[in-house]
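Single-letter residue listing:
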Amino acid sequence: MWDKVDKPNFLKTLIVVAIALILSFIGEAYFPEEKHFNFEKIPFFEGLFGIFGALVLFMVVKIVGFLVSRKEEDYDKYYSS
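All values reported here derive from a predicted model rather than from experimental measurement.

## Comments concerning the overall build of the protein chain
Regarding its fold elements, the protein chain presents three helices and zero strands. Starting at the N terminus, the α and β elements of the protein chain follow one another as α-α-α. For the protein chain, the proportion of its 81 residues judged to be buried stands at 0%. When the accessible area of the protein chain is evaluated, it comes to approximately 8300 Å², of which 71% is carbon and sulfur surface.

## Looking at helix 2 (residues 45-68)
Taking 1.5 Å of rise per residue, 24 residues should cover 34 Å, and helix 2 covers 34 Å from first to last C-alpha, within 8% of that figure. Among the 24 residues that make up helix 2, zero are buried, leaving the element largely open to the surroundings.

## A closer look at the confidence of the model for the protein chain
If pLDDT is low for a region, its predicted coordinates should not be looked at in detail. A residue-level look at the protein chain finds 85% of positions with pLDDT of 70 or above and a mean pLDDT of 84. Across the protein chain, element-level confidence peaks in helix 2 with a mean pLDDT of 94 and bottoms out in helix 3 (residues 72-79) with 69.

## Notes on the packing of aromatic side chains
Where two aromatic rings form a pair, the distance of their centres and the angle of their planes describe that pair. With the rule as written, the count across this model stands at three aromatic pairs. Judged by centre distance (5.5 Å) and plane angle (5°), the rings of F37 and F39 are stacked. Looking at F37, the relative accessible area reads 48%, which means it is partly exposed.

## Digging into unusual backbone geometry
Positive phi outside glycine occurs at F44, with the angle close to 65°. With respect to the helices, strands and loops of the structure, F44 is situated in the loop between helix 1 (7-30) and helix 2.

Calculation rules
- Every chain begins its residue count from 1, and numbering advances along the sequence as written.
- With the structure being a predicted model, the display of local features is reserved for residues of pLDDT at least 70 and the display and counting of side-chain atom pairs for 80 or more, all residues being used for whole-chain, interface and lining totals.
- As a rule here, side-chain values cover all heavy atoms of the structure and leave hydrogens and water aside.
- For the purposes of this entry, the term helix denotes a DSSP run of H or I that reaches at least four residues, the term strand denotes a run of E that reaches at least two, and both are numbered from the N terminus.
- Exposure classes here rest on a 1.4 Å probe applied to the protein chains alone. A residue is buried below 20% of its type maximum, exposed above 50%, and partly exposed in between.
- In these tables, accessible area is a Shrake-Rupley quantity obtained with a 1.4 Å probe, and a residue counts as shielded only by the protein chains included in the view.
- Any helix carries an expected span of 1.5 Å times its number of residues minus one.
- A score between 0 and 100, pLDDT records how confident the predictor is in each residue.
- For Phe, Tyr and Trp, rings pair up if their centres lie within 6.5 Å, where Trp contributes its six-membered ring, and each pair is then called stacked (planes under 30 degrees apart), edge-to-face (over 60) or tilted (otherwise).

Here it is as structure tokens:
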């Protein structure tokens, strides 16, 4: 796998990503995020909200897929040559 990776470009990309992460951590230390609502102060709120949102999105996609899907026979009826 590593034989196919362009090593100089991979190393440059890795360094750029590491510098961006370090700068974001430093920025977070000097400019902390201001919470506007009390429920945002709950520990792990952002992560739990993200997981809940992903689950809701998954359920919505399943429901919409169920509503707009066709039976396999319908494809044969309309798209047979």
